[in-house]
Each structure stands twice: as C-alpha cells, then as structure tokens.
Amino acid sequence: MAERPWDARRQARARRILKRAWERPSDGFVDFFLPLRAGEELSVAGCVDIRVVRGQVQVWGACLQPSRAFQRIVAPPWGALPRLFGEASGKEECAADDEDIDVREFLAQHSWPIVMCARLVTRPSSCNIGEGDSQDTDLREELRSAFLLGEERPRLCAHQSWPSLSQNFLALRGSATAADSAWQPQVLLVVGAKNVGKSTCCRYFVNTLLSAVGEVFFLETDLGQPELTPPGLISLHRICAPLLNFSPAAQPDERNKCLVSLFVGGTTPAVHPILYARSVRAAVDAYVEVCQKHPGPSPPPPLVVNSHGWLTGLGLELVHAVLRAVRPQLVIRIGGTVVALEEDSAADDSGFTLKRKRSLLARCGPLTQGLLEASARAEEEAPSVLVDVESIAKSSSSTVRPRSVREPLAGELRWLRFAAYFRGDMDPCRPPMGSPLRSFFEPLPRTRLPLSRLSFGLVHGPLPPGEIEATFTSTIVALCSLRSFGTDLFVSEDNREIGHHADGTLPVVVLGEDVVARCVAMAFVHAFDTTCNELVVYVAGPPAAVESVDSVLRGDIQWEPHSIRGQQVVVEHATSRGASPMQPFCSSWVLEGLAIGARAPTTRTNLKRRRLEGRPKGAA
C-alpha cells in the first residue's frame, strides 16, 4: 500500500512489470496492457489515462474497478509521484464480456489477477529514467519514462493511521437520514500549518470515502491554494469521481460538480475576515440543504473540509471560525516542525508556533465578535474528536529531485491555477511560464455583457462611480449573480444598495453586512465598449453560463498572463516583436529613452554619492 516507502525492491518489480506489457493500437492511440500480481506497485509520472480490465487498482485511496472508461492521472515533475497498487478482486471477469475480441483472447491466455490498461497522453517532461535519459521516441521508452522513474524521485506515502481513521469515520455514519431529528452532518476537517500536506490528505480521504460511499462533498476554504477552483473562492463540490489530478494546472473532472462558489476577494482571508466567515457558513448551509433533499433510505454523503495554513494571530481565529461553522465530527490536525520566529515566541502543546498569545481583551474586540456572529449556527454544538498525526509531506519529498526540476513557489502556483482556469488546453505538467497578454487570450472568444444589467463594486472598500472603467479594465474580476438568489443563503434586493447616477455613470453595488457574493465565473476584463454599451470580458466556458450575471466584483487579486511574480516577462512572439507584452492595455515602452538628459542626477539630497562630490572611484 501507499503507507510503505518506495525502495529498491519495488523499483525492481516495476521494471519486471513493464517487461510484461502488451502493446495494442486503439482509436489513434497506443494502449499498454500491464499484468500485475496482487501487491505489486507502479509509480506514475506525467499525464496518463488508466482503466482496470481485471481485478482492482488502488491509487491514493481511490479503488478503480474494471471499466471501459479511462481515469486520468496527472503527476507534475515537481511533485511526489502517485502509486498504483494492484489488488485481487472477485469481480475480475465481470467486465471481460465488454472488451474487444483480441483483449478477451489476451485475458484467456493469461491468468494474471490484475490487468490494467494505460494510455499515454503526454510524455512527462524533465523526468529521470532509472538508467539514464533518452530522447528516443520509441513507445517502450515513453512507457518507461511514465512508469519507471528513478528511486531518487519522491513518491506519495500515506500516513499509517489514515486507513483506520477513514474506517472509524465511516463507522460513525449510522443509519439516520436527513429527515430524522437525530441526524447530524458527517463532517471531517483537516487543519495544519503551511506545507504539511493538508490538500494531499484531503484528496486521500475524499477518494477513500468515495470508494466506500459512492459520493462525497468537498468544501474548500483555502483561498490561496484551492484544489478545484481558481484562488479567491470558497467552493462546495459534489465529488463523484476520484481526485487524481495532482497538478494545479489539471482540469477538474466533469463528473465533479461545483454546487456553490463564493467570492471572498483575495488569496488570504485577511482581506475581508467577516466575509470569509460568512461565506464558509453559507457553504455549510448549502451542504445541509442538499442533504435534506437527499433521496432514499441511506444517510446523506459525508463532507470533507480543507482549511488554510495560517495558524498565528488572526489566522488562528479564522480557523476557529471555520470550526464553529462546519462543526466536524472528526478533526485531523497535521503537525509540523516548530520553528521559533522570534526569541519571545511561544509554542503551544500541539507543536504550532505562535507569535504572541492573544489576551482576553484582544479576543473581545469588534473583529472577534464579528467572526463569532458570522460563523455561528443555530444548531447545538456537537462534540468533535481531535486526532494529531505527523506530517508526511517531508517524508514524501525528502529525496533529491532532478536538478532540472524546481518546485514552483506559492505565487507561481497561484498564477498557474488562474492560467489553467482560462486556458484548459495547457499542459498540466509544464512548469509556470508567462506569455504575452495578447497571445494568451488569442484562442479565447470575447464575451459581451450588457452594461444595463450590471453593477460594479469592490469587496474591501467604496468605489467612486467615475472610477469604474479605470478600476476594472485589465483585471481579474468575479462575475456574480446577486439578484437571482433571494434566499437567506445568498443575497436579496434589500441587502444591497445600488446607486444610479443621472450623469450617465455606471451603478455601484455595496455589499451589506449579511451578504455573500455567489460567483458564477471568474473573468478577465478586456474593455468597456461605450458605443455598444457592453462589457467585454474573457470567460472560461460558454457564454450561456454567464447569462445570470448582474454584478461584477473586484478584490485584491492581481494576475497577469505575461508575468508570473510581477517581475518576469517572457520574450514576445515573432509576430509581435517590438510591442509591449501588456498590449492592448498599456504601451509602457513608448516613452522609454526620452528626456533622459534632462533628468536630475538624484532626487534624494541626503545621499552622498562619490561621483557627485568629485572624489575618484578608488578613494575611501
């Protein structure tokens, strides 16, 4: 299983498995049938489609059964590799009748307990083959590059207590339905500091519960590094397919539907803490509402909640707000190494470092009281079980990666999530690399929204009506639908103030105290077409998806296609040589080099420069 570390013995077995592969062309692709014995493992790199023909295969908690449908696995070169674990099953012949004639003949001639079919989508980049890199285009070498990686590459390794935790959590499910008065939502919350593997842990438990129940809900409260949406959103998803895309640029499975998406306005909850707490509570209320409509005698599906990694000061108070809103039955706290930031910093019993202890007076301030009111629910508080586990992030990445592969920084990963949101055709295994703005959005159609039905606003402050066009052009915005949801969950007309101005300026929306912003889609504003009275935006998806949009909100999120961290600008294409990568929104290079001779030597008179005082260069 994935709880055991990868060693030389498993590496040798993987080499023997690939020697047994059967190559078969199919529909313009080449499929490889890989026979396995029970207990054998393979690691995957790159983008590979997998389906099980006989037996069953476990991949990071997910149990893949025999089927004709492929399941895509995406493993970027900078992350730990997922592992395929073969298990014998009594249903090994159930799907053989649906296979083609040559496949049935292959299964009849070989009595392997597990047979899976692999289809290479893209060759993994910057991968290290165990016996040396090779540029040969032979299909066998491509198969080796995807399944036979060197021992120095890190593999995903689950904590040894996770399987028992998932079994005990399922045992708490009981038989009560949502219609019973004794029913309580079954919630699992994962908390921990940054870079301890919270998202990877959530994927494992979602896949494990999905294999046992068939349907799981997933609530994402991490604004900076979400799993299924672009940054800045709190989302609730109905998971019907396993989460096996380990790259932030991978497209989510179409079977996993987003039920609620709420715009908070930033990549950190510090931008608007009260709105963050209200949005989390609204998403939980949406989950309870869906569970109350769950048909059948079986209990509603469980909920897995991912939290952010900010555990000091206000961030710790926000984690408490999430805890009050979701009211989990099981809390898994992943520990990390205690690092003293200052000499007077103190660490609590859980191992988390606190910059300072918040006094009782600080906890009684208006912000804390607002968080209590925003995250409070009407139901009685239910007891929770807290389990502390060690972090497996360092054990999975303790080995040395190839020198050509660098793990992206947090800002680069956020850039990659936005880029993949707009451009679904991106290679999910490609490292972050900027592109000129005009070239990036060239394949996307421009969507036009009538200005007559739109209102504009800022999440964190007031917006002058005359500054709307300058504030929103060439920025990331959230297309929200506030009028269409007049329930207590979202927003009603009484909770918003719309100012219509006689001078022809656009209306401004001001979010009230009890309002959350339901986001229909994220968009990039191209221009304001005052001639046609329309707003031109780039949206990922069909134009019909934004027909219900009536408000455009902007937060503190900044994203540019041509710059990964606000500093790097790639070289332009040959067709745009000499033009700024920021066109058509800015021509920053037009005045470059003008008026240099009239520039003052320095604007700071307090700085003594050697060349201005007439001293030679080598003088002291």
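Residues numbered from 1 in each chain as written. Predicted model: local features only at pLDDT ≥ 70, side-chain atom pairs only at ≥ 80, totals over all residues. Heavy atoms only, no water.

> What is the right way to look at the overall build of the protein in this model?
From N to C terminus, the protein includes 13 helices and 26 strands. Here the protein holds 620 residues, and the buried ones make up 51% of them. In the protein, the proportion of contacts linking residues at least 24 apart, taken out of those at least 6 apart, comes to 75%. Surface accessibility of the protein: about 29,600 Å² in total, with carbon and sulfur atoms responsible for 51%. (Helix = DSSP H or I, 4+ residues; strand = E, 2+ residues; numbered from the N terminus. Buried < 20%, exposed > 50% of the residue type's maximum accessible area, 1.4 Å probe, protein only. Contact = heavy atoms within 4.5 Å. Areas by Shrake-Rupley, 256 points an atom, 1.4 Å probe, with all protein chains shown as cover.)

> How should I be thinking about the packing of aromatic side chains in this particular structure?
Aromatic ring pairs are described here by two measures, namely the spacing of the ring centres and the angle between the planes. Inspection of every chain in the model, using the stated rule, returns 22 aromatic pairs. When the ring of tryptophan 162 is compared with that of tyrosine 204, the centres are 5.3 Å apart and the planes differ by 45°; the resulting orientation is tilted. Taken together, the residues span a long stretch of sequence, with tryptophan 162 in helix α4 (residues 162-171) and tyrosine 204 in helix α5 (residues 198-213) at a distance of 42 residues. Of the two residues, tryptophan 162 and tyrosine 204, neither departs from the other in class, the shared state being buried. Between the aromatic rings of phenylalanine 456 and phenylalanine 472, the centroid separation amounts to 5.3 Å while the plane-to-plane angle is 70°, which identifies the pairing as edge-to-face. Linking phenylalanine 456 in strand β20 (residues 455-458) with phenylalanine 472 in helix α13 (residues 468-472), this pair joins segments that are 16 residues apart in sequence. A single burial state applies to phenylalanine 456 and to phenylalanine 472, both of which are buried. Taken together, the aromatic side chains of Trp415, Phe418, Tyr421, Phe422, Phe440, Phe441, Phe524, Tyr538 and Trp559 make up a single cluster linked through ring pairs. The ring of phenylalanine 246 carries the charged tip of arginine 203 above its face, separated from the ring centre by 5.5 Å. Sitting above the plane of the phenylalanine 440 ring, arginine 423 keeps its charged end 5.5 Å from the centroid. (Phe/Tyr/Trp six-rings, centres within 6.5 Å; stacked < 30°, edge-to-face > 60°. Lys NZ or Arg CZ within 6 Å of the ring centre and 35° of its normal.)

> Please explain the nonpolar core as it appears in this structure.
When a protein is soluble and globular, its nonpolar side chains tend to lie buried together. With 65 residues, the main nonpolar core has Leu219, Phe263, Val326, Phe441 and Trp559 as its most contacted residues. A per-element tally of this core places helix α6 (residues 273-292) first, with 11 residues. Aside from chain neighbours lying at most four places away, what touches leucine 219 is Ile234, Ser235, Leu236, Ala283, Val284, Leu303, Val304, Val305, Asn306 and Val326. Counting residues in each nonpolar core, the second largest holds 30 residues, with Trp162, Val206, Ile239 and Leu243 among its members. (Core = buried A, V, L, I, M, F, W, Y, C linked by side-chain atoms within 4.5 Å.)

> In this structure, what is going on with the side chain of glutamate 99? I would like to understand it.
With respect to the helices and strands, the residue glutamate 99 is situated in the loop between β8 (83-87) and α2 (101-109). One polar contact links glutamate 99 to arginine 51, side chain to side chain, over a distance of 2.9 Å. Setting aside anything within four residues of it in sequence, one finds glutamate 99 in contact with Arg51, Val53, Arg68 and Arg104. (Polar contact = N/O pair within 3.5 Å; in protein donor to acceptor, adjacent residues only side chain to side chain.)

> How should the sheet that holds strand β5 (residues 56-59) be read in this particular structure?
Hydrogen bonds along the backbone pair up the strands of a sheet, which may run parallel or antiparallel. The sheet built from 4 strands is open, its strands ordered β3-β8-β5-β6 with antiparallel pairing. Each edge of the sheet is formed by a strand with only one pairing partner; in this case those strands are β3 (41-43) and β6 (62-64). Between one strand and the next, the sheet's axes are offset by a mean angle of 25°, whatever the strand orientation. One ladder, built from 3 bridges, connects β5 with β6; its direction is antiparallel. Looking at the pairing, valine 59 lines up with alanine 62 of β6. Sheet strands in contact with helix α1 (residues 8-19) are β3 and β8, and its direction is about 90° off that of β3. (Pairing = 2+ DSSP bridges. Axes fitted to C-alpha atoms, helices over the stretch in contact; angles between N-to-C directions.)

> What exactly am I supposed to notice about the pattern of salt bridges here?
Where side chains of opposite charge bring their charged atoms close, a pairing between them can arise. Counted under the stated rule, the structure contains 20 salt bridges. Between arginine 10 and glutamate 41 there is a salt bridge whose closest N-O contact spans 2.8 Å. Remark: glutamate 41 occurs in strand β3 and arginine 10 occurs in helix α1; sequence separation between them is 31 residues. Of the two residues, arginine 10 and glutamate 41, both sit in the buried class. A salt bridge links glutamate 215 to arginine 238, with the nearest nitrogen and oxygen atoms 2.6 Å apart. Placement of glutamate 215 in the loop between α5 and β11 (216-220) and of arginine 238 in strand β12 (residues 233-239) is noted, with a sequence separation of 23 residues between them. Residue classification places glutamate 215 among the buried residues on the basis of a relative accessible area of 17%. Of the residues examined, arginine 238 reaches a relative accessible area of 24% and is grouped as partly exposed. A single network of salt bridges, built from pairs that share partners, joins Asp7, Arg10, Glu41 and Arg83. (Salt bridge = Lys/Arg side-chain N within 4 Å of Asp/Glu carboxyl O.)

> Explain unusual backbone geometry here, please?
In terms of backbone geometry, most residues other than glycine have negative phi values and most peptide bonds are trans. With a phi close to 60°, asparagine 195 is a non-glycine residue in the positive phi region. Mapped onto the fold, asparagine 195 is located in the loop between β10 (187-192) and α5. The exposure class assigned to asparagine 195 is exposed, which follows from its relative accessible area of 73%. In this model, arginine 327 sits at a positive phi of 50°, which is unusual for a non-glycine residue.

> Before we go on, may I ask you to explain the confidence of the model for the protein in this structure?
For residues with low pLDDT, the predicted coordinates do not support detailed interpretation. Predicted confidence across the protein gives a mean pLDDT of 78, with 73% of residues reaching 70 or more. Residue range residues 337-356 is modelled with pLDDT below 50. Its contacts to residues more than four positions away, or to other chains, number 35 contacts. Scored below 50 in pLDDT, residues 587-603 makes 10 contacts in the model with residues more than four places away or belonging to other chains. (pLDDT = per-residue confidence, 0-100.)

> Where do I start with α1 in this structure?
Within an α-helix, residues lying three or four positions from one another point in the same direction, as the helix has 3.6 residues per turn. With 12 residues, α1 should cover 16 Å at 1.5 Å per step; its first-to-last C-alpha distance of 17 Å lies within 8% of that length. Where α1 is concerned, the buried positions are Arg10, Gln11, Ala14, Ile17 and Leu18. The arc enclosing the buried residues of α1, seen along the axis, measures out at 115°, which places them on a common side. Along its buried surface, α1 packs onto β2 (29-36), β3, β8 and α3 (139-147). (Expected span 1.5 Å × (residues − 1). Arc of directions from axis to C-beta.)

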